[in-house]
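Now for the letters of each chain:
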Amino acid sequence: MAAVPALSYSSYRTYQECPLRWRFLYVDRLPEAPRGYFTFGRVVHSVLEELIAPLVVPSARRAGQNDRQRTLDEWHPGHAGPPTPGRWMTAEEMLLAYDRAWSSEGYVSAEEESRYRALGRELLLRYYDFLVRERPIPVAVEEHLETRWDGIPVHGYIDRIDRTPAGGLEIVDYKTSRDLSNDDARDSDQLSLYQVLVESNYAAPVHGLTLYHLRSLPPLRVAPREPAALAGLHDRLGTVLDGIRAEAFEPTPGRHCNRCDFRDRCPEFRTVPVTEGERLRQLVDRFEALRAEEGRLEAELRRTAEELHRAAETLGVHRVPGSHSVAVRRREEAWQYSLDPVRPLLEQSGLSARVASGTPEEVRRLVRDPSVDPELRRKVAETGARRVKWFWELEDASSDS
Ligand code: SF4
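Keep in mind that this is a model prediction, so the values were computed, not measured. (Residues numbered from 1 in each chain as written. Predicted model: local features only at pLDDT ≥ 70, side-chain atom pairs only at ≥ 80, totals over all residues. Heavy atoms only, no water.)

**Student:** Just to check I follow, could you spell out helix 1 (residues 9-17) for this structure?
**Tutor:** Since the α-helix packs 3.6 residues into each turn, any two residues three or four apart lie on the same face. Residues Ser11, Tyr12, Thr14, Tyr15 and Glu17 constitute the buried set of helix 1. Those residues of helix 1 that are buried are in contact with helix 2 (19-27), helix 7 (189-201) and helix 8 (227-245). (Buried < 20%, exposed > 50% of the residue type's maximum accessible area, 1.4 Å probe, protein only. Helix = DSSP H or I, 4+ residues; strand = E, 2+ residues; numbered from the N terminus. Contact = heavy atoms within 4.5 Å.)

Written out as structure tokens, the structure is:
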């Protein structure tokens, strides 16, 4: 059985998406090609860390790596009050920090890089204004937390943890990428995992979870997860952990393959040997042509059977000779039941359990069951509707001669 490293949110998501890609990244430690949008996100996060770090209330930090945070306990209303935070960077200082942190890694062109660079300045300046107005009380930035959550080792880097006016904690995660909605904040497994990490490392309760979509502002803020939602995540993490332990690293192809750097190693994308290329190309072309023919034939078969059925119905015949075979019209009957009128009848007789799964097949079985009162069976049968289906079979013409 494989040793399992602590699961982060991105490791968990990677395994869920494709276990083989997880193996390439976390077991084989293969590097991925740098991408501009990742570099961009990293740079913006690092500037925000630099901006917020001086404001972190120093005494609110945990005393040691393995200590539970205690200082917020002492920090209740009526106490001496929070320690004075450090000085805000000016907006100009923040932009200088942005220039220092900038990296050209992963952009596909100078034009793309300069577009991202301008976007970053705009986002940071807008967020700066927002922060100055909101004046959060951060107690941690970019904090690495880990825990064992009922047997599952998990860890994560949390962008920011704020103190709320009521003395609790708010978990903040910045997003620089795609559009976000309230649903993202409500459904995010990432925020759920962060809640678990903060709750097991901090003494104060988590009062809120917030996503800051830096492109749109304002914050998407939701209440902390209920125990049932956390239990669901625990189950999903457990499933991933079991898969890793069992070394289940099957490729799972999908749209995510478009951004996978390991296609050249993945069996799903193994190429056909040159020597076999032409033979297999012809087979694929033939298969494609047959598929098209199959669809056309099925439609034509249906139309012909319907026309034959209409003619036979008009003439009142069931056997129609052809040149080689005889087409024989067969009927199939089935009784369909709606459960609404059946249930009260069965309840009166104490037989409700006979349709426990609510399928018409259960009712049909009951109607045929000789051990059930015949009067009840008759009443139930009367609630049904008979469906007749006609179909054609071919018989050898010689059997009619
Ligand atoms: S190419 Fe697709 S299936 Fe193959 S490892 Fe990458 S993500 Fe998985």
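**Student:** Sorry, what's going on with the sheet that holds strand 6 (residues 319-321) here?
**Tutor:** Pairing between sheet strands relies on hydrogen bonds along the backbone, with the strands arranged either parallel or antiparallel. Strand order in the open sheet formed by 3 strands is 6-7-8, and the pairing between neighbours is antiparallel. Edge positions in the sheet fall to strand 6 and strand 8 (385-396), since each of these pairs with one other strand and no more. When the angles between neighbouring strand axes are averaged without regard to direction, this sheet yields 20°. Sheet topology note: the strand 6/strand 7 (residues 325-336) ladder contains 3 bridges and is antiparallel. Counted as the bridge partner of Val320 is Ala327 from strand 7. Its contacts with the sheet put helix 9 (residues 274-315) on strand 6, strand 7 and strand 8, and the angle it makes with strand 8 is roughly 105°. (Pairing = 2+ DSSP bridges. Axes fitted to C-alpha atoms, helices over the stretch in contact; angles between N-to-C directions.)

**Student:** How do you make sense of the environment of Leu169 when you look at a structure like this?
**Tutor:** Secondary-structure assignment places Leu169 in strand 3 (residues 169-175). Classification of Leu169 as buried rests on a relative accessible area of 0%. As for Leu169 and Glu199, which are separated by 30 residues in sequence, their C-alpha atoms are 9.3 Å apart.

**Student:** Mind showing me how you'd approach the packing of helix 1 against helix 2 here?
**Tutor:** Two measures define how a pair of helices packs: the angle their axes make with one another and the distance between the axes. Helix 2 packs onto helix 1 with a crossing angle of 135° between their chain directions and a minimal axis gap of 5 Å. Taken together, the axes of helix 1 and helix 2 are oblique relative to one another. Residues Ser10, Ser11, Thr14, Tyr15 and Glu17 of helix 1 pack against Pro19, Arg21, Trp22, Leu25 and Tyr26 of helix 2. The residue inventory of the contact of helix 1 with helix 2, partitioned by class, reads 5 nonpolar, 3 polar and 2 charged. (Parallel < 35°, antiparallel > 145°, perpendicular 65-115°, else oblique. Nonpolar A, V, L, I, M, F, W, Y, C, P; charged D, E, K, R; others polar.)

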